[in-house]
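Understanding the architecture of this molecule
Listed below are the residues making up each chain.
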Amino acid sequence: MSEAKFVPEIAPNPPQRALALHRQLDRVWANGPGLWGQITAVNHTTLGLRFMGTALIFFAIGGILAMLIRAQLATPQGAFLDTDLYNQFFTMHGSIMMFLFAIPMLEGLAIYMLPKILGTRDMAFPRLTALGYWCYLFGGLILLIALFAGVAPRDGWFMYTPLSSATYSPGINADVWLLGITFVEISAICAAVEITVTILRQRAPGMKLTQMPLLAWYMLGTSAMMLVGFPPLILGSILLEVERAFDWPFFDVARGGDPLLWQHLFWLFGHPEVYIIFLPAAGVLSTIIPVLCRTTIVGYGAIVAAIVALVFLSFGLWVHHMFTVGIPHMALAFFSAASVLVAVPTAVQVFAWIGTMWKGQPQLRLPMLHVLGFFLTFVMGGLTGVMLAIVPFNWQAHDTAFVTAHLHYVLIGGFVFPMMAAATYWMPQITGRAPIKGLGAAAFWVILIGFHGTFFIMHLTGLMGMPRRIDVYPANPEWTWLNLTSSIFGFVMTIGFALFALDLILQALMGRRTARNPWRAPTLEWAMLLPTPSYTFASLPLPQQQDAQARLTLARGEGALPGAARGVRELLVTDAGTARPDHVAVLPGNSALPLGLAAAIGLFVLMMLAGLYWLTLPALALVAALVWRWGRGMAFTRDHAPVTVAPGLDLPVQCHTPMTLSHTGAVCLLVANGTLFASLLFGVGFLSVVAPGWPAPPPGHGGVAEAWMIGATLVALVFGAFAVRLADRARRSGAGMLAGAGAGAGFVSNLVALALIAWLAGTALDDPTGHARDALRGVLAGYVGLHAFIVTGFAAFAFDQARRGEIAPSRPGSLPGWRLWQDYTAATALIAAAIVLWQGGAA
Amino acid sequence: MKLLAWTLAGPTIWAIVFSLVYALHGAGCALGWQDVEAPLGSAHRLALTLAWSAGLVACGMLLAVRPAGEGREAYLPRAGAWIGLGATLFTLFPVVFASTC
């Protein structure tokens, strides 16, 4: 198991003049000048801060909506808002806080912090970071514009069907949510892929997994959960939008659908989402607490084990949101037990933090106040969570204000307080300025008092039977004073948040210059200039240089890969397990392409929203063209000499190795894609087995012709898998022409598969609006068709590369990526074909 | 990566067994397995108990064959195996007593 022995001793580079290195690196890594420079920025420091800043703005908007809700509920029969507006506000409050504040905030934190604590210069895919940001911004703006236009979603942040179906929610309100949130989720998937790849492949040389900062473990767990947690919701949103737009009945009971399928898909995402939000916050706590207690963390191994347990167990709880829908006792017991069990790894962490404080000498500085606020609030939220995991109590409290109180204790306790601790802890690192004395502490106390005054009371309101999500309530004396109290303290809490924001702004603008490492923290983010330079490290930390003490050594270029003598953005890629230096990656520079691609995707979303479905095709063509251009930007046209990383250590550039960052990223993306496909299979199984209205009526089409077409499609896709192997073998043996021929053959066979799928969908499948079975078959055909289109594109790209001479014996080009996607497409097509044929046969 | 693979093996077994038991539960209820007599009461309970037992055995075997070592490299695979075993035992024990459908 000991993998460190495989990491060779690396000698440090000779020292250089730090200022010269700084100037050389900054010329290469800095953003361009002016507004265009900001638009084309791909730097992780810029984008991390931009994510967090934008998330804070959305937090403020969500907070204002909360105040409007509390104003309405302050008195019985409130006339401040009408029902429709109230429904829009509480839906948007939840959606904004979840999708436009919490997730982007954690993404921003990860993007800003990971390269700095892992000892690298940027995230793995800088343009993807920028694409994620623009998708987030545009998706959020769509939701916001809908809010101001009075057509915001109004069916709750969970969008339950049939309430959100076209029948009961006409207009575009629900579409705004389904399309806008899915647009934003592109950002989450982008972030998850690059966080995973950055942690696995870009750790400083010799930094084993068991030695990396706990925050990186937490982020790794979070990104893995995002890769697996978001696809069910993306699938659900696609299915519901297709039902609303084209009347395919996935959730319509009368035609073989089932609204419970939506609930399953939503909560398959929705419950892990709580832990997706909590884990980074816990990572912040595991970083801050030991530093402010002048000690080391207690139970590093136990905490990592707890993270692993949380990552897995959180996917086994989703049904506890559905305890009242009518589920057999045994299934209730499974999910109740899992819901109780998940408290154990959470408690392990809480006790580890308490143990750390007990062992050390806690200093009651501003971040520590927020840590204590976390303890008080989150532990209470966790305990009410255990109460809600118990089925009989859940049945009583379901859909009451008690649940509202619980979820706010968990989310504000488990995310907002730790994020405020993070902000006050890292602001000196971000701005290079010290805080204004006193204002932060005042903000903390006002927030703490306001929060508990609002939500502790709300437990009682719920226990006295007041339902959630109602805009008016009768003048029941038991509810009246509780609601008024919650509303008053809600405004107190808002004043506290305003003070907190003011404190941050004043610190950024007027704070005096901070000490280089004001908390005397050991982690690498303090081993650099303050505020952070564009390149983070002038040289990358070697095994003996991986703490804050190495600041001067690294600035003088004594680490690995010093400077930017070749005038390109370079970083070191290491082996995922051993952190042994593997190769040098050259990253793309500033680019407007991410903005263009996000705008093209936005155009597609807007055409869907407007109901101009035919115009989505040009938008998709634009997306495909920009993706092609994106790929062209990564192509290497010639061989590159190895790069001297340190004395005696020369490493190849990425074009000469198959295990690139892009390859690892493609694997991560396929994990997410596979989860979406598995969710679709779950939908097929769920509707086939559980939904009323099954078995479906016999299909009108199909039979032998359908089987032949499906068989021919599979043959074409499998032939594509052979073609890519043939091309790769020819490439290795130096037969460039043959490699091009292999790519060409793959292109033709994939094109044939695509045509066959289109023909199958057009002629051999039944009308998908008739029954959920036929709608599911249509979706399966569409899924395989989309992938056939993607691998056709891959083959065309490889053919073009071969033609340009970019594929050579030492340069595999796009062949490894094509092979991954081709194999995946063939495998999923096989499964989809089996289902379609089985459904036809069964009928 | 070996470290990660060994650490994740136990929880992965739990995830597979949990999914399998939940799927068997739904399928069995839909197909009327609870009305088919078998050891342990019904074919449904028998199938669920067998799946659960297989998960417990797999986790037990994982504990037995996990690699030896020292420090965190040894601790994490051991902890992962125990997480798998504990989670399988605790979350699925209702198969032996709760009414099935």
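Residues numbered from 1 in each chain as written. Chains lettered and ligands numbered in written order. Predicted model: local features only at pLDDT ≥ 70, side-chain atom pairs only at ≥ 80, totals over all residues. Heavy atoms only, no water.

Some words on the overall build of chain A
As a reminder of what qualifies: Numbering of helices and strands runs from the N terminus; a helix is a DSSP stretch of H or I covering at least four residues, while a strand is a stretch of E covering at least two. Each residue gets one of three labels from its accessible area relative to the maximum for its type: buried under 20%, exposed over 50%, partly exposed in between, using a 1.4 Å probe on protein chains only. What makes two residues a contact is simply this: any of their non-hydrogen atoms within 4.5 Å. Only four residue types enter the tally: Lys and Arg on the positive side, Asp and Glu on the negative side; His and the chain ends are excluded. For charged residues, the charge sits on one atom: NZ in Lys, CZ in Arg, CG in Asp, CD in Glu.
In terms of regular secondary structure, chain A is built from 24 helices and four strands. With the C-alpha coordinates of chain A rotated into their principal frame, the extents come out at 85 × 75 × 50 Å. For chain A, with 843 residues in total, the buried portion stands at 62%. Here the analysis covers contacts within chain A between residues at least 6 apart in sequence; of these, 81% occur between residues at least 24 apart. In chain A, which carries 44 positive and 37 negative side-chain charges, the distance between the mean positions of the two groups comes to 15 Å.

Here we look at the overall build of chain B
Basically, it comes down to this: Reported accessibility uses the Shrake-Rupley method at a 1.4 Å probe radius. Residues are deemed covered only where the shown protein chains occlude them.
Broken down by element type, chain B carries three helices and two strands. Secondary structure of chain B in N-to-C order comes out as α-β-β-α-α. Viewed in the frame of its principal axes, chain B has a C-alpha envelope of about 50 × 20 × 15 Å. Buried positions account for 46% of the 101 residues belonging to chain B. Taking the intrachain contacts of chain B between residues at least 6 apart in sequence as the baseline, contacts between residues at least 24 apart amount to 74%. For chain B, the accessible surface area stands at approximately 4,800 Å², while carbon and sulfur atoms represent 71% of it. For chain B, the separation between the mean place of its 5 positive charges and that of its 4 negative charges on side chains is 13 Å.

Brief notes about the domain arrangement of chain A
Residue and element names in this part refer to chain A. Applied cut-off: Here the limits of each domain have been adopted from an automatic or database domain assignment. By buried area we mean how much accessible surface two parts lose on assembly, using a 1.4 Å probe and totalling the loss over both. Salt bridges are defined as contacts in which a side-chain nitrogen from Lys or Arg sits within 4 Å of a carboxyl oxygen from Asp or Glu.
Its domain assignment divides chain A into domain 1 (589-633) and domain 2 (695-842). Of note, the centres of domain 1 and domain 2, computed from C-alpha atoms alone, are 23 Å apart. In this assembly, four residues from domain 1 lie in contact with eight residues from domain 2. Here domain 1 meets domain 2 over a buried area of about 440 Å², counting both sides, of which 63% is carbon and sulfur. The tally of links between domain 1 and domain 2 comes to two salt bridges. For Arg632, the salt bridge goes to Asp800, with nearest N and O atoms at 4.0 Å.

Looking at helix H3 (residues 44-73) of chain A
Filter applied, for reference: Expected span of a helix: the number of residues minus one, times 1.5 Å. The definition of a polar contact used here is a pair of N or O atoms within 3.5 Å, where within protein one atom must be able to donate a hydrogen and the other to accept one, and adjacent residues in sequence count solely through side-chain atom pairs.
Over its 30 residues, H3 of chain A extends 42 Å from the first C-alpha to the last, a length consistent with the 44 Å expected when each residue adds 1.5 Å. One side-chain oxygen of the residue at the start of H3 of chain A lies 2.8 Å from the amide nitrogen of Thr45 of chain A, identifying that residue as Asn43 of chain A.

Some remarks on the pattern of salt bridges
All names here are of chain A. Applying the stated criterion to the full structure yields 19 salt bridges over all chains. One salt bridge in this structure joins Arg255 and Asp247, with 2.8 Å as the shortest N-O distance. Measuring nitrogen to oxygen at the nearest pair gives 2.7 Å for the salt bridge that ties Arg773 to Asp774. A single burial state applies to Arg773 and to Asp774, both of which are buried. Three or more residues are tied together by salt bridges with common partners; here these are Arg632, Asp800, Arg803, Arg804 and Glu806.

Here we look at a nonpolar patch on the surface
We apply this condition: Patch construction takes residues with relative accessible area above 30% that form no salt bridge. Like charges are linked within 9 Å, and nonpolar side chains (Val, Leu, Ile, Met, Phe, Trp, Tyr) are linked within 5 Å.
Among the surface-exposed residues, Phe90, Phe93, Val96 and Phe97 of chain B lie close enough to one another that they form a single nonpolar patch of about 360 Å² accessible area. Within the secondary structure layout, Val96 of chain B lies in the segment after helix H3 (71-92).

Brief notes about the state of the cysteines
Keep this limit in mind: Defined by distance alone, a disulfide is two cysteine sulfur atoms within 2.5 Å.
Applying the stated criterion across every chain yields a total of one disulfide over all chains. There is a disulfide in this structure between Cys29 of chain B and Cys101 of chain B, and the S-S distance comes to 2.1 Å. Residues Cys29 of chain B and Cys101 of chain B are joined through a disulfide that is left-handed, its torsion about the S-S bond being -100°. One end of the pair, Cys29 of chain B, is in helix H1 (residues 2-31); the other, Cys101 of chain B, is in the segment after H3, and 72 residues separate them in sequence. On the basis of relative accessibility, which here comes to 42%, the residue Cys101 of chain B falls in the partly exposed class. Free cysteine Cys135 of chain A: the closest other cysteine sulfur is in Cys190 of chain A, separated by 6.1 Å. You can see Cys668 of chain A has no disulfide; the closest cysteine sulfur is in Cys190 of chain A, sitting 12 Å from it.

Details of the packing of aromatic side chains
All names here are of chain A. Inclusion rule: Side-chain rings of Phe, Tyr and Trp, where Trp is taken by its six-membered ring, are said to pair if the distance between their centres is within 6.5 Å; with planes under 30 degrees apart they count as stacked, over 60 as edge-to-face, and otherwise as tilted. For a ring to carry a charge above it, either NZ of a lysine or CZ of an arginine must fall within 6 Å of the ring centroid while also lying within 35 degrees of the normal to the ring plane.
Under the counting rule described, the total for this entry stands at 51 aromatic pairs over all chains. Between Phe158 and Tyr160, the aromatic rings sit 4.8 Å apart at their centres with planes inclined by 55°, giving tilted as the arrangement. Judged by relative accessible area, Phe158 falls into the buried class, the value being 7%. Residues Phe682 and Phe686 carry aromatic rings whose centres are separated by 5.9 Å and whose planes lie at 25° to one another, so their mutual orientation is stacked. Pair noted here: Phe682 and Phe686 are both in helix H20 (residues 661-689), with a separation of four residues, about one helical turn. By relative accessible area, which is 24% here, Phe682 ends up partly exposed. In this structure Phe686 comes out as buried when scored by relative accessible area, which is 10%. The structure contains a cluster of three or more aromatic residues connected by ring pairs, namely Phe99, Trp157, Trp177, Phe230, Trp248, Phe250, Phe251, Trp262, Phe266, Trp267 and Phe269. The lysine or arginine in question, Arg50, covers the ring of Tyr133, its NZ or CZ lying 5.7 Å from the ring centre. One cation-aromatic arrangement involves Lys116 over Tyr112; the distance from NZ or CZ to the ring centre is 3.7 Å.

Some thoughts on helix H7 (residues 214-246) of chain A
Residue and element names in this part refer to chain A. To keep things clear, this is the line we draw: Note on bend: at a given residue it equals the angle between the axes fitted to the 7 residues ending there and to the 7 starting there.
Compared with the 48 Å implied by 1.5 Å per residue over 33 residues, the 47 Å span of H7 between its first and last C-alpha is a close match. For H7, the principal kink sits at Met226 and spans about 30°. Counting buried positions along H7 gives 28 out of 33 residues, so the element sits mostly inside the fold. Looking one or two residues past H7, Asp247 carries a phi angle of roughly 70°, positive in sign.

Looking at the interface of chain A and chain B
Convention followed: The residue classification treats Ala, Val, Leu, Ile, Met, Phe, Trp, Tyr, Cys and Pro as nonpolar and Asp, Glu, Lys and Arg as charged. All others, Gly included, are polar.
Taken together, the contacts link 34 residues of chain A with 39 residues of chain B. Carbon and sulfur atoms make up 82% of the area that chain A and chain B hide from each other, which totals about 3,100 Å². At the boundary of chain A and chain B, one finds one salt bridge. Glu73 of chain B serves as the salt-bridge partner of Lys208 of chain A, at 2.8 Å between the closest nitrogen and oxygen. Remark: the boundary between chain A and chain B carries four residue pairs in polar contact (both at pLDDT 80 or more). Taken together, the elements giving at least two residues each to the side of chain A that touches chain B come down to helix H9 (300-313) and helix H10 (329-341) of chain A. For the side of chain A that touches chain B, the residue count by class is 25 nonpolar, seven polar and two charged.

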